[in-house]
Amino acid sequence: MAKKVLIVDDSSTVRQQLSIALGQAGFATIEAVNGVDALSKINDNKDVAMVVCDVNMPQMGGIEFLETMKREGKYPTLPILMLTTEGQPALMDQAKKAGAKGWMVKPFKPDLLVATANKLTKSTP
Amino acid sequence: MTTLVPHPEAMIRLHLVECCVALFQDYGSAMQATPEPSTVHDLAGIIGFTGAHIGGTLSLVSSSSLLARTRPTAPVNTAEVEDWAAELANQLLGRLKNRLLQHNVQIQLSTPVAVAGRHLELRTLSTPLYFHSELGRLAVWFDVRFDEDFVAEQIQEGQSVAEGELELF
C-alpha cells in the first residue's frame, strides 16, 4: 500500500508540484493549506507517514504547526520535512528543536525530495 | 571590525536583480535585466516584509501569459496563475532575504497576495527593475524604507542551505 504524505502549503502551485513528484514515486498525497488545516487532516488521517510543510503561511505557519504538534505530543515519530524559501539558520534551529527532521529550500528538486521522502518514511507505516 | 555597506538600497537592488534572474532560470526562463520598461501588466504578486529598522513591499508585475508559461505545471484556470504570481513574489523575496542574511540584515516576510486587472500600474516612489526573456517582460518594484539606525554589513556567512538543497536534522 502506498505511503501517505501530507503536503502543507498555502500555494496551490507548490501543492500540485509536490503531489505530482511524490505521486510519480508511488506515494499517496493529501493536502492542507496551512497549519490549522494540517492539524485537522492529521487527526482525520492516522495513516499519514510523513508531512512536507511550508513555513510562511497565513493563519498558522509551519513553525507554529511544529510547536503545536510537539506540545500535543500525539505523533512524536511522524517525520516532518520543512520546505520553504527561508534559509535563516535561527529559523532552522527553531524547527529542529520543535521536531522537524529536515529543511529544504525552494524550489525543490524532485529527485532529492523523493529520496528524502523514501528515507524519512522507511520506518513509518 | 565590522565594515558597513555604504549604500544599502543599491546593494539590495543588485541582489534583487541576481535573485530574479536565478529564480526564473530555475523555472526554465532566461530572464535578463533590461533598461526598457515592460508595459503589459495584468497580474501582480505582492509581498511585504519587515525587520529591525527596515520594511517595505516587493511587487512582481507582468502579464498573466508570461507567468503562466513559467509555472511548473500548465495552469488550468486563472486562479492557478494568480496563485503562481503570489508564490513567485514569495520565492523572490525569500531569495533576497537569504542574501540579506549575509549582511546581517534579518527580515520577516508577510504572506503574499496576487492582484489581477487590466493595465495594472503601480503608484510607488521606487524605480522599478525591468527584466525580459523569450517569454516576455516583467517589472519588480521594491519599495523599502530604512530608519536612521539601519545598518548592513559587508558580506559574511549567512544562509546555511542554498536554494534547492536539503539539510537533514
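Up top is the structure these notes are about.
Reading the values: the criteria
Residues numbered from 1 in each chain as written. Chains lettered and ligands numbered in written order. Predicted model: local features only at pLDDT ≥ 70, side-chain atom pairs only at ≥ 80, totals over all residues. Heavy atoms only, no water. Contact = heavy atoms within 4.5 Å. Buried area = accessible area lost by both parts, 1.4 Å probe. Salt bridge = Lys/Arg side-chain N within 4 Å of Asp/Glu carboxyl O. Polar contact = N/O pair within 3.5 Å; in protein donor to acceptor, adjacent residues only side chain to side chain. Nonpolar A, V, L, I, M, F, W, Y, C, P; charged D, E, K, R; others polar. Helix = DSSP H or I, 4+ residues; strand = E, 2+ residues; numbered from the N terminus. Buried < 20%, exposed > 50% of the residue type's maximum accessible area, 1.4 Å probe, protein only. Pairing = 2+ DSSP bridges. Right-handed = clockwise from strand over helix to strand, strands pointing away. Phe/Tyr/Trp six-rings, centres within 6.5 Å; stacked < 30°, edge-to-face > 60°. Axes fitted to C-alpha atoms, helices over the stretch in contact; angles between N-to-C directions.

Trainee: In this structure, what is going on with the interface of chain B and chain A? I would like to understand it.
Mentor: The extent of an interface is frequently quoted as the accessible surface area lost upon association of the parts. Every contact between the two is made by 35 residues of chain B and, on the other side, 33 residues of chain A. Carbon and sulfur atoms make up 54% of the area that chain B and chain A hide from each other, which totals about 2800 Å². Three residues, Gly164, Leu166 and Phe169 of chain B, lead the burial of chain B against chain A; their summed loss comes to 24% of the area buried on that side. At the junction of chain B with chain A, the criterion picks out 3 salt bridges. Close ionic contact of Lys106 of chain A with Glu87 of chain B constitutes a salt bridge, the shortest N to O distance being 3.2 Å. Connecting chain B to chain A are 18 residue pairs in polar contact (both at pLDDT 80 or more). Its residues placed into classes, the side of chain B that touches chain A shows 13 nonpolar, 12 polar and 10 charged.

Trainee: What's the story with the environment of Gln108 of chain B in this structure? I'm lost.
Mentor: Residues and elements named next belong to chain B. If you trace the backbone, Gln108 turns up in strand β4 (residues 107-109). For Gln108, a relative accessible area of 41% gives the class partly exposed. In this structure, the C-alpha to C-alpha distance between Gln108 and Leu16, residues 92 residues apart in sequence, is 16 Å. Beyond its immediate stretch of four places on either side in the chain, Gln108 contacts Gly48, Phe49, Thr50, Gly51 and Lys97.

Trainee: Help me understand the pairing of strand β4 (residues 80-84) of chain A, please; the structure alone is not making it clear to me.
Mentor: Working note: regular strand, side chains alternate between the two faces of the sheet. Residue and element names in this part refer to chain A. Across the 5 residues of β4, 5 count as buried, placing the element largely inside the fold. Side chains Ile80, Met82 and Thr84 project from β4 onto one buried face, and the interleaved Leu81 and Leu83 project onto a second face that is buried too. In this structure, strand β3 (residues 48-53) lies alongside β4, joined through 3 bridges in parallel fashion. By the bridge assignment, Cys53 is partnered in β4 with Met82. For the crossover that starts at β3, traverses helix α3 (residues 62-72) and ends in the parallel β4, the hand is right-handed.

Trainee: I'm lost on the packing of aromatic side chains in this one. Help?
Mentor: The geometry of two aromatic rings is summed up by the distance between their centres and the angle between their planes. Residue and element names in this part refer to chain B. By the definition in use, this model includes 3 aromatic pairs over all chains. Taking 4.8 Å as the distance between ring centres and 85 degrees as the angle between the ring planes, the aromatic pair formed by Tyr27 and Trp84 counts as edge-to-face. Of this pair, Tyr27 sits in the loop between α1 (8-26) and β1 (32-34) while Trp84 sits in helix α3 (residues 78-101), placing them 57 residues apart in sequence. A relative accessible area of 12% places Tyr27 in the buried class. With a centroid separation of 5.3 Å and an interplanar angle of 5 degrees, the aromatic rings of Phe49 and Phe142 are classed as stacked. Of this pair, Phe49 sits in strand β2 (residues 43-51) while Phe142 sits in strand β7 (residues 136-146), and the two are 93 residues apart along the sequence. Here Phe49 and Phe142 have matching classes, each one buried.

Trainee: In this structure, what is going on with the environment of Asn77 of chain B? I would like to understand it.
Mentor: All names here are of chain B. Residue placement: Asn77 occurs in the loop between α2 (64-70) and α3. Here the side chain of Asn77 touches Ala79 through a polar contact of 3.2 Å, landing on its backbone nitrogen. In terms of polar contacts, Asn77 uses its side chain to reach the backbone amide nitrogen of Glu80, at 2.9 Å.

Trainee: Before we go on, may I ask you to explain unusual backbone geometry in this structure?
Mentor: A cis amide bond links Lys106 of chain A with the next residue in sequence, Pro107 of chain A, at an omega value of 0 degrees. The topology assignment puts Pro107 of chain A in the loop between β5 (102-105) and α5 (110-120). With a phi angle near 70 degrees, His53 of chain B is a residue other than glycine that sits in the positive phi range. Assignment of secondary structure puts His53 of chain B in the loop between β2 and β3 (54-62). With relative accessibility at 33%, the residue His53 of chain B sits in the partly exposed group. One non-glycine residue, Asn104 of chain B, adopts positive backbone phi at about 60 degrees. Structurally, Asn104 of chain B can be placed in the loop between α3 and β4. Note on Asn104 of chain B: relative accessible area 42%, which makes it partly exposed.

Trainee: Teacher, can you tell me more about the sheet that holds β4 of chain A here?
Mentor: By definition, the strands of a sheet pair up through backbone hydrogen bonds, in either a parallel or an antiparallel sense. The strand order across the open sheet formed by 6 strands is β2(A)-β1(A)-β3(A)-β4(A)-β5(A)-β8(B), and the pairing between neighbours is mixed. Edge positions in the open sheet fall to β2 (28-32) of chain A together with β8 (166-168) of chain B, since each of these has one partner strand only. For this sheet, the mean angle separating the axes of adjacent strands, direction not counted, is 20 degrees. The sheet strands contacting α5 of chain A are β3, β4 and β5 of chain A together with β8 of chain B, and the helix crosses β8 of chain B at an angle near 10 degrees.

Trainee: Is there a simple way to think about the pairing of β3 of chain A in this case?
Mentor: Residue and element names in this part refer to chain A. Of all 6 residues making up β3, 6 are buried, and the element is well covered by its neighbours. In this sheet, β3 lies alongside strand β1 (residues 4-8) in parallel orientation, the contact comprising 5 bridges. Looking at β3, one finds that Val8 is bridged to Cys53.

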